[in-house]
There are 2 protein chains.
Amino acid sequence: MCYTPSQYHLYQEDFEIVVVIDVLRATSAITAALHYGVERIIPVATIDEAISYKEKGYIVGAERDGQVVEGFDFGNSPFVYMDNDMSGKTVVLTTTNGTRAIQIAGDRKTVVIGCLNNLDILCSWLAEQHKNTLILASGWKDKVNLEDTICGGAIADILIESQKFQCVEDSTVAAKFMYRSAREHLWSFLRASSHRRRLKKLNIQRDVKFCLTANTVPCIPILRDGALVKLVYEPKTWLTAEMMAQ
Amino acid sequence: MCYTPSQYHLYQEDFEIVVVIDVLRATSAITAALHYGVERIIPVATIDEAISYKEKGYIVGAERDGQVVEGFDFGNSPFVYMDNDMSGKTVVLTTTNGTRAIQIAGDRKTVVIGCLNNLDILCSWLAEQHKNTLILASGWKDKVNLEDTICGGAIADILIESQKFQCVEDSTVAAKFMYRSAREHLWSFLRASSHRRRLKKLNIQRDVKFCLTANTVPCIPILRDGALVKLVYEPKTWLTAEMMAQ
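Worth saying up front: this structure is predicted, and the values here are computed from it rather than measured.

Residue and element names in this part refer to chain B. Within the secondary structure, W238 sits in the segment after β9 (227-230). Taking the C-alpha atoms as reference points, W238 and A127, 111 residues apart in sequence, are found 9.6 Å from one another. Every residue in contact with W238, bar those within four places of it in the chain, is listed here: D120 and S124.

So, about the relation of the copies chain A and chain B. Rotating chain A by 180° about the axis while translating it 0.0 Å along that axis superimposes it on chain B, leaving an RMSD of 0.0 Å. What the rotation and shift describe, once combined, is the action of a two-fold rotation axis. When C-alpha distances to the rotation axis are compared across chain A, the minimum falls at M178(A), with a value of 2.5 Å. Interface residue correspondence from chain A to chain B reaches 100%, placing this contact among same-surface, isologous pairings.

Right, let's get into the packing of helix α6 (residues 146-161) of chain A against helix α7 (residues 170-182) of chain A. Residues and elements named next belong to chain A. Running from N to C, α6 and α7 point in directions that differ by 100°, and their axes come no closer than 7 Å. The orientation of α6 with respect to α7, classified from their angle, is roughly perpendicular. Mapping the contact onto sequence places T149, I150, G152, G153, A154, A156, D157 and I160 in α6 and T172, A175, K176, M178, Y179, R180 and A182 in α7. The residue inventory of the contact of α6 with α7, partitioned by class, reads eight nonpolar, four polar and three charged.

With that settled, consider the packing of helix α5 (residues 119-129) of chain A against α6(A). All names here are of chain A. Between α5 and α6, whose axes approach to 10 Å, the crossing angle comes to 50°. One finds that α5 runs oblique with respect to α6. Note on packing geometry: the crossing formed by α5 with α6 is right-handed. Judged by residue contacts, L119, L122, C123, L126 and A127 of α5 engage A154, I155, I158 and L159 from α6. A breakdown of the residues in the contact of α5 with α6 according to their chemical character gives nine nonpolar, no polar and no charged.

Confidence in the prediction of chain A, expressed as mean pLDDT, is 91, and 96% of residues score 70 or more. Overall fold confidence (pTM) sits at 0.91, and the ipTM for the predicted complex is 0.87.

Accessible area lost during the coming together of the parts is what is often quoted as the interface size. Counting residues at the interface gives 25 residues for chain A and 25 residues for chain B. Mapped by element, the contributors of at least two residues to the side of chain A that touches chain B are α6, α7 and α9 (194-201) of chain A. Of the residues forming the side of chain A that touches chain B, the biggest block, nine residues, is contributed by α7(A). For the side of chain A that touches chain B, a count of residues per class yields eleven nonpolar, nine polar and five charged.

Quick look at the environment of C167(A) now. Residues and elements named next belong to chain A. You can see C167 is positioned in the loop between α6 and α7. The class of C167 is partly exposed, set by 17 C-beta atoms lying within 10 Å. Between the C-alpha atom of C167 and that of M1, which follows or precedes it by 166 residues, the distance is 9.2 Å.

Parameters at a glance
Residues numbered from 1 in each chain as written. Chains lettered and ligands numbered in written order. Predicted model: local features only at pLDDT ≥ 70, side-chain atom pairs only at ≥ 80, totals over all residues. Helix = DSSP H or I, 4+ residues; strand = E, 2+ residues; numbered from the N terminus. Contact = placed C-beta atoms within 7 Å. Least-squares fit on C-alpha atoms with pLDDT ≥ 70 in both. Axes fitted to C-alpha atoms, helices over the stretch in contact; angles between N-to-C directions. Parallel < 35°, antiparallel > 145°, perpendicular 65-115°, else oblique. Nonpolar A, V, L, I, M, F, W, Y, C, P; charged D, E, K, R; others polar. Left-handed = near helix turned anticlockwise from the far one by under 90°. pLDDT = per-residue confidence, 0-100. Buried ≥ 20, exposed ≤ 12 C-beta atoms within 10 Å, placed from the backbone.

This is the structure:
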């Protein structure tokens, strides 16, 4: 597991699949959007790219520092993209951390999107691929954050327990044990998260609660030709963690 | 807390004291050396610098990838530096990760050395300083490692519980919870550590056991004029963790 995009170069060589995580809120929003009807999501790294898409008539979401960027109608709240009006549409999205991580990894690898909402279905799919898999947390401006590390630890725990994966990096072992400390009381644990504290100021408790609830959205977004689309997939065998919905 | 030297630039601004950790084995060896009589330790980052000191007649230890570098008599085994022959001497040391971290931080900050061996006395001293404090793990070749993260988590846990410190970084909270998962069975926990697996191959179980035992060496090394020396310090109030000696 790689805790931040800034360390990706240290880890990338040995892996064929990269799971990008940005629990609060980009990858949760992307997963919900595709599950509830959005056709494609084009992740872009910069505001300039987002503006250029907006000028071409696209629906564009842009978030920086937890807030909707001025001049845009949407940010990265999952609920926005679950609206019926979005159904069948292409959405362009740029966020502080998540879309940058997707772009960094998308260059050369198979990229899928992970969050707590799609935890079990994602792990079930990963276990069927028989590929070396890297979990890439988006972090917060290149620093480690708590919620992405815990989500990565949850994925690692499920995959290791399935005995279909071996763990080669200390960072993965560390995240797994952190998740085990956290899983019984994820909500109170994340009170300690600086990111959650930032979001609290922005009055988006409903988003946070949605994003921290496991296995509510059975959808795996996958990057194809620069856009995230819903992977057509029905698990042969479900892998599950005993994880509380909060 | 900063998990690797490569991320130090993201964290350094707000802190006056930096605690450098390299549990296996550099900072454990440095702490033991100064406690058992070595006068000064000059940390150097490169083998070339080490050779140049050796040519001047210094006692020089050089370790890379867990092994003594060819042409040198010592590596980073703590027991080497606890020898009576070393008493009163100046030692020059270069290691894969630890001495590099000391040099990076030593540029502008007050640098002290942390390990499990000096856990309580170090925390007691830090609590008396009333300064913003950064824990800098040496990691393994810029990647996160388990033992340094846990040791940093132990320091964080003690300081936060003392109510003299507040935690501003998610990485610190994460390390603290990881330590709490680990503390009851540190030895078996670290079996999962890739670094420990590397060291096992090198037959240095005695070193590893020494380095993973808390509070055996009441000494705080501090960097002064480019050399580590023993800080003269007697705690007014001891801070302690309920940590098992393994």
